[in-house]
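Breakdown of the fold
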2 protein chains.
Amino acid sequence: MSTTLNDCRALDVGDPLRSLRDHFVLPDGVIYLDGNSLGVLPKTAAARVAEVINREWGQQLIRAWNSAGWFHLPQRLGDKIAPLVGAVAGEVVVTDSTSVNLYKVLSAALAIAAEDAPGKKTVVSERSNFPTDLYIAEGLCRERGYQLLLVEPDGILPALNGDAAVLMLTHVNYRTGAQHDMAALTAAAHAAGCLAVWDLAHSAGAVPVDLNDASADFAVGCGYKYLNGGPGAPAFVWVNPRHADRFQQPLSGWWGHAAPFEFTPGYQPAPGITRYLCGTQPILSLAALECGLDVFGAAQALGGMAALRAKSLALTDLFIRLVEERCTGHGLGLVTPRDHAQRGSQVCLSRSSGPHAPPLGGSLPPEGAVTALGRPGDGESGAYAIVQALIARGVIGDFRAGDGAKHSDILRFGFTPLYLGFEDVWHAVEHLKQVLETAEWQRPEFNQKHAVT
Amino acid sequence: MSTTLNDCRALDVGDPLRSLRDHFVLPDGVIYLDGNSLGVLPKTAAARVAEVINREWGQQLIRAWNSAGWFHLPQRLGDKIAPLVGAVAGEVVVTDSTSVNLYKVLSAALAIAAEDAPGKKTVVSERSNFPTDLYIAEGLCRERGYQLLLVEPDGILPALNGDAAVLMLTHVNYRTGAQHDMAALTAAAHAAGCLAVWDLAHSAGAVPVDLNDASADFAVGCGYKYLNGGPGAPAFVWVNPRHADRFQQPLSGWWGHAAPFEFTPGYQPAPGITRYLCGTQPILSLAALECGLDVFGAAQALGGMAALRAKSLALTDLFIRLVEERCTGHGLGLVTPRDHAQRGSQVCLSRSSGPHAPPLGGSLPPEGAVTALGRPGDGESGAYAIVQALIARGVIGDFRAGDGAKHSDILRFGFTPLYLGFEDVWHAVEHLKQVLETAEWQRPEFNQKHAVT
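Analysis parameters
Residues numbered from 1 in each chain as written. Chains lettered and ligands numbered in written order. Predicted model: local features only at pLDDT ≥ 70, side-chain atom pairs only at ≥ 80, totals over all residues. Heavy atoms only, no water. Least-squares fit on C-alpha atoms with pLDDT ≥ 70 in both. Contact = heavy atoms within 4.5 Å. Buried area = accessible area lost by both parts, 1.4 Å probe. Salt bridge = Lys/Arg side-chain N within 4 Å of Asp/Glu carboxyl O. Polar contact = N/O pair within 3.5 Å; in protein donor to acceptor, adjacent residues only side chain to side chain. Helix = DSSP H or I, 4+ residues; strand = E, 2+ residues; numbered from the N terminus. Expected span 1.5 Å × (residues − 1). Buried < 20%, exposed > 50% of the residue type's maximum accessible area, 1.4 Å probe, protein only. Core = buried A, V, L, I, M, F, W, Y, C linked by side-chain atoms within 4.5 Å. Phe/Tyr/Trp six-rings, centres within 6.5 Å; stacked < 30°, edge-to-face > 60°. Lys NZ or Arg CZ within 6 Å of the ring centre and 35° of its normal. pLDDT = per-residue confidence, 0-100. Axes fitted to C-alpha atoms, helices over the stretch in contact; angles between N-to-C directions. Parallel < 35°, antiparallel > 145°, perpendicular 65-115°, else oblique. Nonpolar A, V, L, I, M, F, W, Y, C, P; charged D, E, K, R; others polar. Pairing = 2+ DSSP bridges.

Moving on: the relation of the copies chain B and chain A. The transformation that overlays chain B on chain A combines an axial shift of 0.0 Å with a rotation of 180°, and the residual RMSD is 0.0 Å. Between the two chains, the operation in question is that of a two-fold axis.

Written out as structure tokens, the structure is:
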């Protein structure tokens, strides 16, 4: 029997996390399925940032570094992120951008590898890793004399043999929503004498992560996606305590110094994670991020990440089921794995070009088959225009281009369990159905590309 | 004849820039002489940031990257800084911290030097340069096989001979307020086959700077001091167009890519200064900085940097004169040069220990003699406690410790011509006089050290 709107409403009534959406501003007429790109606004953020501006900056001025606690914000916010990623207080700092932090930890990882495994000269990553991670790795590899080896997911384990020094992966893939098994891959890397660096941009606050349990070596993550820290919110960095004091990272600025206000001419790194700081941090943006993190404190009383994960899977399961039931015959394929263990908190659909659409039955093709479905990169898949048509209806997801070869164009939908409901999923699919059935997406205004993020 | 309060008031009446202070929130009961550490709050910032939070982030969400112009903020703000530093639009971006930006430009400078002057293996800087600059240089020099040579100001020119590859200086010294001759030193560096990297942290918005006229090679600067961008506001970076396309900097993140939203796995640097971007920037903090920059737009109609410089010198001249007239016999020395061409926008005083105070006459000793005056680093100079006593009275300057050798403890007072008046200077000196004459600074609460910035 097909799922109904009333079924979805019943799920909302039974949702133990339903009250959490009251912590956020959710614009009227919008179903927001892009929290994996920019999280929504926590209700407390505007007042908190106003307080920082008017009372702290405006009135206390320079004194606020001490009186308002600005100086320790990177550590204080890091302590609030720690329980979301299986770290403990004192192991995480919030600072800089994800790209800059990746540069720091990959540099440190290469320094360790050069000492512990000097013959190994390869950094292994996934070809469809988020590009900035690959760009950072490309530069560091060239500088340090390493090879950057990019493989498909099934090529990761084989690549660890040989001269792999560092395995650098994003835990949940930004394009496909596929989640790696962090513990198994880290163990495999260690067994091969290789370090494991994890990017948690699409994981922190979205899926359970246990860095210490996995014995990971380094991790970075993003403040503005599932942590709801606001546009360009600073990122975070974690280093396994076994490495934290061993190397200094190359961005050896004063905030990472053991005694920054002694103004000594020589660099002496602070103990522990503090040495992964560099320069002065943007306090207004840190203050907003703290409001996002505090919602996770409220979520803790309702079951924390385990409850959020259960709801996330229920939301993405529902979305897949509704698309299968209601949007067949339009060339959609499922890119995100059905297996819960392999799924992040988003669902990605591919789309083949209209005339070549395969005759789909009542279910989306399995994930193994879908990359052949799209007519990638030729601009004719319609995926871009469908996303634009949905946005015009207030259903905000995003488009990610294929590569013209293995990877098809993608319609990407993020499901943030903190603020999305099951009825939202129903309406999102209803809009998708209408956009497809009416060919609304073929209107010229939905086919004009401009910068997208 | 001694200067009077009425003289100061008359200067305010005749001040053509007087109206500019109306652009700022100035707390009651405070005379703020620390704008060289954290600038004051522009009146427009709270409303602008609230708009970014509530309307752009809250309502437009991910769409705001395009609709609200977030994506081009680094360039838009850079274009507003350009005229303050003798650059042209398109040559400056606002991003990251000063330390991170210094890492980028020093890396690029070393890459150029390695190609153009491969035998030269020394980076020259000033021993009393701001420490984070030295820390960044220390790390890069170690990594690239360079020597970091730290000299006193009079040792800079001699050090350019031999194997100097890069001269890296802060234009206005954070401790002394002494200003280097950028054009002359850059010319000397170039004549010796050496590149010139300038840190404008205490210059941009405070003193005239003409990077292109000086033919400087690289520059970085700070957003939260004289530019009034708010706590930890992002910094800026300028690269001489002759170098901009030549090298990529090592923090090769997606925002510096030629086509970041094509998500290609290989890095292709953007043309020009955009390649000095790395990751996503903190939009709330950028928005506040733009409010600070816009005041310089208003100042342009009143004479711009030339008028601001004239007022800055009048303020610092008045402060020196009033201290000489009213605060003698307390062991104060003048650290900042009297010569206008060598002075930034701050005045630094040293202080010798009480019982050893030299019998000063009606004028402070000349700058050449003062470093011997303090009893540096022994915690007994009283400089720290005097600054604390002044802060308790609402006169906010700051303390910078000596090094126990050549450099004495310092009382540092910044004079921001945008919002300080001449009567403010009178009252600041009156408070200093009272603190010294009553020995108020010897009270225990002013001698307990805590973190200061």
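Tallying the contact residues gives 79 residues for chain B and 79 residues for chain A. Contact between chain B and chain A buries roughly 6,800 Å² in total, counting both sides, with carbon and sulfur atoms accounting for 68%. For chain B, the biggest contributors to the area lost against chain A are Trp57, Tyr135 and Phe263 of chain B; these three give 12% of the whole. Taken together, the links from chain B to chain A amount to zero salt bridges. Between the two partners, chain B and chain A, sit 20 residue pairs in polar contact (both at pLDDT 80 or more). Put simply, the parts of the chain that give the side of chain B that touches chain A at least two residues each are strand E3 (41-42), helix H2 (45-60), helix H3 (64-67), helix H5 (98-116), helix H6 (131-144) and helix H11 (283-300) of chain B. If you tally residues by element for the side of chain B that touches chain A, the top one is H6 of chain B, at 10 residues.

In this model helix H12 (residues 304-326) of chain B runs 33 Å from its N-terminal to its C-terminal C-alpha over 23 residues, within 8% of the 33 Å that 1.5 Å per residue would give. Most of H12 of chain B is tucked away, with 17 of its 23 residues classed as buried.

Once that is clear, we can look at the nonpolar core. Counting 320 residues, the largest nonpolar core has Trp70, Val85, Leu200 and Leu349 of chain A together with Trp70, Val85 and Leu349 of chain B as the members making the most contacts within it. Apart from the residues lying within four places of it in its own chain, the contact partners of Leu200 of chain A are Val85, His171, Met182, Val209, Leu211, Ala219, Val220, Gly221 and Phe236 of chain A.

Applying the stated criterion to the full structure yields 33 aromatic pairs over all chains. Relative to Phe263 of chain B, the ring of Trp254 of chain B has its centre 6.4 Å away and its plane inclined at 35°; by these criteria the two rings are tilted. Like Trp254 of chain B, the residue Phe263 of chain B is buried in the burial classification. Clustering of aromatic rings is evident, with ring pairs tying together Trp65, Trp70, Phe71, Trp254, Trp255, Phe261 and Phe263 of chain A together with Phe130 and Tyr174 of chain B. The aromatic ring of Tyr146 of chain A is capped on one face by Lys121 of chain A, whose charged end is 4.7 Å from the ring centroid.

Let us now look at the confidence of the model for chain A. All names here are of chain A. Within chain A, residue pLDDT values average 92, and 92% of them lie at 70 or more. Confidence over residues 354-362 falls short of pLDDT 50; this stretch has 12 contacts with residues more than four positions distant or in other chains. Low pLDDT, under 50, characterises residues 366-378; the predicted model gives this stretch 36 contacts beyond four residues in sequence or across chains. The ipTM for the predicted assembly is 0.94, set against a pTM of 0.94.

Attention now goes to helix H6 (residues 131-144) of chain A. The first and last C-alpha atoms of H6 of chain A sit 20 Å apart over 14 residues, in line with the 20 Å expected at 1.5 Å per residue. Immediately beyond the C-terminal end of H6 of chain A, within one or two residues, lies Gly145 of chain A, with a positive phi of roughly 80°.

For the rest of this paragraph, the subject is the packing of helix H11 (residues 283-300) of chain A against helix H12 (residues 304-326) of chain A. Residues and elements named next belong to chain A. Between H11 and H12, whose axes approach to 8 Å, the crossing angle comes to 95°. By the angle class used here, H11 and H12 are roughly perpendicular. Contacts from Phe296, Ala299 and Gln300 of H11 reach H12 at Gly304, Met305 and Leu308. When its residues are assigned to classes, the contact of H11 with H12 shows four nonpolar, two polar and no charged.

A word on the sheet that holds strand E7 (residues 164-170) of chain A. Residues and elements named next belong to chain A. Strand order in the open sheet made by the seven strands is E4-E10-E9-E8-E7-E5-E6, with mixed pairing throughout. At either margin of the open sheet sits one strand with a lone partner, and together these are strand E4 (92-95) and strand E6 (147-151). Along the sheet, successive strands turn relative to each other by an average axial angle of 20°, direction set aside. Relative to E6, strand E5 (residues 122-126) is paired through five bridges, and the arrangement is parallel.

Residues and elements named next belong to chain B. Of note, Thr122 is situated in strand E5 (residues 122-126). With a relative accessible area of 2%, Thr122 lands in the buried category. Those residues within four positions of Thr122 in sequence are excluded, and the remaining contacts are Tyr146, Gln147, Leu149, Asp163, Ala164, Ala165 and Val166.

Once that is clear, we can look at the sheet that holds strand E7 (residues 164-170) of chain B. All names here are of chain B. Strand order across the open sheet formed by seven strands is E4-E10-E9-E8-E7-E5-E6, with mixed pairing between neighbours. Strands with a single pairing partner mark the edges of an open sheet, and in this sheet they are strand E4 (92-95) and strand E6 (147-151). Pairwise comparison of adjacent strand axes, ignoring direction, gives a mean angle of 20° for this sheet. Sheet analysis places strand E8 (residues 195-199) next to strand E9 (residues 218-221), joined by three bridges and oriented parallel. Paired with Val197 across the strands is Phe218, a residue of E9. Set on the sheet, H5 makes contact with E4, E5, E7, E8, E9 and strand E10 (235-239); between it and E9 the angle comes to about 170°. This element, H6, spans E5, E6, E7 and E8 of the sheet and lies at about 150° to E6.

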